[in-house]
Each structure stands twice: as structure tokens, then as C-alpha cells.
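Chain residues, written in single-letter form:
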Amino acid sequence: MADGNWTGISDFILMSFSSLPTKIQSLLFLVFLFIYLVTLMGNSLIILVTLADPMLHSPMYFFLRNLSFLEIGFNLVIVPKMLRTLLVQDTTISFLGCATQMYFFFFFGVAECFLLATMAYDRYVAICSPLHYPVLMNQRTCTKLAVASWFPGFPVATVQTTWLFSFPFCATNKVNHFFCDSPPVLKLVCADTALFEIYAIVGTILVVMIPCLLILCSYSRIAAAILKIPSARGKRKAFSTCSSHLLVVSLFYVSSSLTYFRPKSNNSPESKKLLSLSYTVVTPMLNPIIYSLRNNEVKNALSRTFCRALGLKNHPS
């Protein structure tokens, strides 16, 4: 490409929801601020309670604590800048800031895919091999599984972000999104991106489908085990430990797959923004609720923790 068709870019402009009226943007700011605060408080509370209460020192809550750490990081990467854009119309983000945001977005996104698969495996062992569960899911094994879930985010984020930001960009620097995501940034590139797009599609298949297949495999075994339970009460109890996980998995995988399987798809930018909101803003808020806050063990642990903090006598569980 001729030199006259390319210019260096020192910053980007996030279009966010600029097409909406100011009053609507102000309303969105209040809604997203509320969701953001609930997300931070809910996930922080889960971390503190699962650490403080000995009754929750089990593999299930160990992985849930990892998920809460991940969701907090996910939110801190995206939501503060989005709130600032909605409040004071500060739409500018530096070149390095955009690359950093994209890097950690990919890191946390990939880690969540594999962590959800690990949590499915934990439920599989708990339901299908309850007598061997304490031995199979000991602390050392849980730590290894957690590390294995977090690690893939590093190479994926490093390769994708470094490769994308090594391309030359056109004169326009307007990113039609509320954060620096790969598809809208890719549209600003003034070079042949065919190889990168192939990598993006293959990478998405590997990152999304491999954990998804592991989850499906785990739950097929779980379903077979639940059907063998003679009592209806036993079946309901076993299924209740998995229903929350299945709900979050469905929301996360469906929305992320629709967004990332085709980096330059013909879908409208507005529809992609809505899909992105579902797994970047809404799901992190719902996770502590649907995973834990309706869980009797967590409710009792919260009660005991608050009673200890206030110097009161513990309520019976």
C-alpha cells in the first residue's frame, strides 16, 4: 500500500453509544454504574466469604473464588472507561491503552472459557464419583487445574494483540464499539488481514469449542448418573448443583461465539455491542447471584461471617 494511504495513529476514539441521545446515555450510565458496583461487591463478597468460612473450603468454592477474581478483572478492564465515556464523553483512548485493554480482555475471556470447563469437571467428579471426590479433587489437583485454566490466556492474548497492533492503520481512528475489541479495530487496518482472520477463526474454535466439548462431555456423564438415582429428591438435589453453572455457560458461550466466529461479519455494530454487553457486563454481575447467593451454604456462611464481624453469636446453620 502506498505511503500516502497510511498514517500513524497515537490514539483511538471509542464510538461507544454516541449515536444515542444524551438523555439515553445518562440513563445507561446509571444502569451500568449500578451493575458495575453490584458486580464488584458481589464477587468481592464471594471471595471474602469463601476464604473466611472453613465450611466453604471445598473444590467447588475454590473454583468459584477463581471465577470471582476473573470477573472482577474482566469488569475493571472494560467498564470504568465505558462509564467515563457515557458520563463526560471522554471517548479518546491511547494506542497503548487500547492494546492493553484488548490484551487483558482476551486474557480474562480465554481464562473464563477454560475455568468454566474445569468447574464442569469438578461437578462431574462430585456427582459421578462421590466416594473418591476428596481424593481426586485434593488441594494440589485443584491448584493445578486452576493454573491450567488461567495459563492459556497468556499466549492467546499475547499473539492476537501483538499481531493486530503490528498492522498499519488507516487515517480514521474511530472504533465503533465501547471498548477495544478485535473486530472493530481490525476494520481500521490498511493491510491484508486474511492470515490474521484465519488465525482468529481457528483460535476462536479452539478456545471456545474445546472447553465447550469438555463441558458437554462432563454433563452427559452427569445426566446419566442423575438418571440412575432412584429418588426424585436425590435427582433434584444433584441437578440443582449444576443448573446455575449450565445457565452461565449457555449465556457466555452463545453470546461470545456469535460475536467472534467471524471477525468481519456482516452483523450490525449495534447488535455486536448488545451481544458484548451480555458477557462483559451482565454475566459478571449474575455469576455471584446464580452461583452462590441463592445457595444455602453460602447464605449460612454469610450469616456466620457477618455475625463474627459484628461480635454477635452465630446463628444456627
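Computed from a prediction, not measured in an experiment: that's the story for all the values here.

Quick word on the overall build of the protein
Here is step 1 of the chain: Regarding its fold elements, the protein presents eleven helices and three strands.
Here is step 2 of the chain: Secondary structure of the protein in N-to-C order comes out as β-α-α-β-α-α-α-α-β-α-α-α-α-α.
Here is step 3 of the chain: Of all 317 residues assigned to the protein, the portion counted as buried reaches 49%.
Here is step 4 of the chain: Counting contacts in the protein only where the partners sit at least 6 residues apart, residues at least 24 apart contribute 77% of the total.
Here is step 5 of the chain: When the accessible surface of the protein is split by element, carbon and sulfur atoms take 70% of a total near 15700 Å².

Description of helix 5 (residues 139–150)
Here is step 1 of the chain: Helix length check: helix 5, at twelve residues, gives a terminal C-alpha distance of 17 Å against a target of 16 Å (1.5 Å per residue), a fit within 8%.
Here is step 2 of the chain: Where helix 5 is concerned, the buried positions are C142, A146, S149 and W150. In a view along the axis of helix 5, the buried residues occupy a sector of 95°, so they form one face of it. The outward face of helix 5, more than 90 degrees from its buried face, is lined by the exposed residues R140, K144 and V147.

A closer look at the UniProt feature "transmembrane region" (unreviewed entry) in the protein
Here is step 1 of the chain: Residues annotated in UniProt with the feature "transmembrane region" (unreviewed entry) correspond here to residues 27–51, 63–83, 103–124, 145–165, 198–217, 238–254 and 274–293.
Here is step 2 of the chain: Secondary structure over residues 198–217 splits into 100% helix and 0% strand, and the C-alpha atoms at its two ends are 27 Å apart.
Here is step 3 of the chain: In the segment residues 238–254, helix accounts for 100% and strand for 0%; the C-alpha atoms at its two ends are 25 Å apart.

Side note on the pattern of salt bridges
Here is step 1 of the chain: For the coordinates displayed, the defined rule picks out three salt bridges.
Here is step 2 of the chain: Between R84 and D90 there is a salt bridge, and its shortest N-O distance comes to 2.6 Å.
Here is step 3 of the chain: Here R84 falls in the partly exposed class, since its relative accessible area comes to 46%.
Here is step 4 of the chain: Of the charged contacts in the structure, one is a salt bridge between R123 and D122, with a shortest N-O distance of 3.0 Å.

What counts, and where the lines are drawn
For every chain, the first residue of the written sequence is number 1, and numbering continues from 1 along that sequence. Where local features are concerned, this predicted model is filtered to residues with pLDDT of at least 70; where side-chain atom pairs are given and counted, the filter is 80 or more; whole-chain, interface and lining totals use all residues. Side-chain metrics rest on all non-hydrogen atoms present in the structure, leaving aside hydrogens and water. Helical segments are the DSSP runs of H or I of at least four residues, strand segments are the runs of E of at least two, and each set is numbered from the N terminus. For each residue, the accessible area found with a 1.4 Å probe, counting protein chains only, is set against the maximum for its type, and the residue is called buried under 20%, exposed over 50%, and partly exposed in between. By definition, residues are in contact when any of their heavy atoms lie within 4.5 Å. To measure how exposed things are, a 1.4 Å probe is used in the Shrake-Rupley method; for residues, cover is taken only from the protein chains shown. Working rule for helices: expected span equals 1.5 Å times residues minus one. Note that the arc is defined by the directions from the helix axis to the C-beta atoms. UniProt positions are given in the numbering used here, feature names are shortened, and annotations may be inferred rather than shown by experiment. Here a salt bridge means any side-chain nitrogen of Lys or Arg lying within 4 Å of a carboxyl oxygen belonging to Asp or Glu.

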